[in-house]
Amino acid sequence: MGKIVAMQVLSVASEIYPLIKTGGLADVAGALPGALAEHGIGVRTLVPGYPSVLSKLGKTKAVRRYEALFGASAALLAAKVVELDLLVLDAPDFFKREGGPYGDLGGTDWSDNWRRFAALSRVGADIAEDGVKGWRPDLVHAHDWQAAMTAAYMRFGPAHRVPKVVTIHNLAFQGRFGADVFAGLGLPPEAWGMDGVEYYGGIGYLKAGLVSADAITTVSPTYADEIRSPTQGMGLDGLINGRADRLHGILNGIDTAIWDPAADELIARRYTSRALGGRVANRRALEKHFRLDRDDAPIFIIVSRLTWQKGMDLVADAIDHLVGLGGKLAVLGAGDHPLEGAFLSAAERHRGRVGAHIGYDEPLSHLMQAGGDAILIPSRFEPCGLTQLYGLRYGCVPVVARVGGLADTVIDANEAAVGAGVATGVVFAPSDPLALHGGIARTIRLHGDKAGWQAMQRAGMRADFSWRHSAAQYAGLFRSLVQGAA
């Protein structure tokens, strides 16, 4: 017998794994539906019809058509892909472009992003109002600024009674546009104002969603606390504090079917916490890919956007220090061009000790977690972070700044934690050069104690960061909102 579905949820997201991914949002949007199904909650996800999404769809059917959606013709397609129940907004004028989901091949944001994601949100609100082909959601869950306007369209339209949840994956990205776009949004005049979409004289998509939502979630408890402060609130701390009774910090989980070293087909050799020797083959494959010396020196890895937020400027400046202490470094990522250049230059300067792969490669990211000794994450702020969870799962010890979800998920290898056998990584603070240098040095010392290091690896691999606990929290929140709206 199939599971009884007691509630239907529309999830609205700008990306979803495995169809389109630029970061952790895609992983969450792709994994949460399956986890919620265990709680009797069915999820259909509305996503843009980028070329990479449409190319992966099999059989589809149009369940709604628009002759003039913000001036463009569009069709809403229903499809199922790898157990994901999808509604895909096929609007070629908005989404059929070369480049990424949000910008061109050069990394410049599309000038009409305000219109593209207003269209996605408008369709989300339409579905909330009258559903599609006999299906109607009991609740709408919008992710980040690209989908947050769904809550605003619902609030100022016929679907205002349908519960709406907005999740902040990263408060730094807010979707801010000039006041001149308001006339094109199709919202009533009363939507303009401090209690609506207006934000410092312009339009704020995330702000509009947060002020319209029945509940706000962030992707870790610590980040929920941090964004209430002026230093981490990114200008929205006043609004968030004013709605603190609706704020919930729910830690992200990971898809343990995809991220499982015992079953991962993307790595050189599978292994378990009881047989860590299997990591050696992955280490050798990692050294070969990055042209690193074949020796026993600890390999630090980075799988990240190469940006200031992620502390990558600190790492670039610390590479000589890391190599001088006897470490090696393998970098996978893309981002700010000066930082990309800094890592490529370091790879030239320290041949055999540093390697850099600019771009993103999903299979390579799995191999790096399986073959690296420590994953370095010195973020200045980190809403949740998923790469440290992958590291824990794969026995790649996280070395992290004490912020956001990193603080919530990694147990520092202090004397007490090591003695109790619960340490899972190295945690340092603040995220500055001195603390980072200390964290690197401490990691290399710990790595020298083989038995102690393996105990830390095993403790991390035993930790449960599946969606089981987090999905239960989401399910409880969703039920309370739906019952409250009844």
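The structure contained in this document is the topic of the report that follows.

**Quick word on the sheet that holds strand β16 (residues 374-377)**
Next up, step 1: Pairing is parallel across the open sheet formed by six strands, whose spatial order is β15-β14-β13-β16-β17-β18. Pairing within the sheet leaves two strands with one partner each, and these edge strands are β15 (354-358) and β18 (426-428). Strand-to-strand twist in this sheet, taken as the mean axis angle between neighbours without regard to direction, amounts to 15 degrees.
Next up, step 2: Contacts between helix α16 (residues 433-447) and the sheet are confined to β13 (299-306), β16, β17 (397-401) and β18, with β18 contributing the most and set at about 160 degrees to the helix.

**Points about empty space enclosed by the protein**
Next up, step 1: Going through the model one piece at a time under the given rule, you end up with one cavity of 30 Å³ or more.
Next up, step 2: In terms of lining residues, the largest cavity is bounded by Val9, Ser11, Val28, Ala29, Leu32, Pro33, Leu36, Val43, Thr45, His141 and His143.
Next up, step 3: Listing elements by their share of the lining of the largest cavity, those giving two or more residues are β1 (7-12), α1 (24-37), β2 (41-48) and β6 (139-143).
Next up, step 4: With five residues, the single largest contributor to the lining of the largest cavity is α1.
Next up, step 5: For the lining of the largest cavity, a count of residues per class yields seven nonpolar, four polar and no charged.

**Focus on the pairing of strand β7 (residues 164-168)**
Next up, step 1: Counting buried positions along β7 yields five of five residues, so the element is predominantly enclosed.
Next up, step 2: Burial along β7 is two-sided: the residues Lys164, Val166 and Ile168 and Val165 and Thr167 are all buried.
Next up, step 3: Here β6 runs beside β7; their pairing, made up of four bridges, is parallel. Within the sheet, the bridge partner assigned to Ala142 lies in β7 and is Val166.
Next up, step 4: Between β6 and its parallel partner β7, the chain crosses via helix α5 (residues 144-155), and the hand of that crossover is right-handed.
Next up, step 5: As paired strands, β7 and strand β11 (residues 215-218) are joined by four bridges and run parallel to one another. From the neighbouring strand, Val166 faces β11, where its bridge partner is Ile216.

Each value, and the rule that gives it
- Residues numbered from 1 in each chain as written.
- Predicted model: local features only at pLDDT ≥ 70, side-chain atom pairs only at ≥ 80, totals over all residues.
- Heavy atoms only, no water.
- Pairing = 2+ DSSP bridges.
- Helix = DSSP H or I, 4+ residues; strand = E, 2+ residues; numbered from the N terminus.
- Axes fitted to C-alpha atoms, helices over the stretch in contact; angles between N-to-C directions.
- Contact = heavy atoms within 4.5 Å.
- 1 Å grid on protein atoms, 1.4 Å probe; cavity = no way out; pocket = protein on both sides within 12 Å on 5 of 7 lines; lining within 4 Å.
- Points joined across faces, edges and corners; volume = space filled by probe spheres on them.
- Nonpolar A, V, L, I, M, F, W, Y, C, P; charged D, E, K, R; others polar.
- Buried < 20%, exposed > 50% of the residue type's maximum accessible area, 1.4 Å probe, protein only.
- Right-handed = clockwise from strand over helix to strand, strands pointing away.

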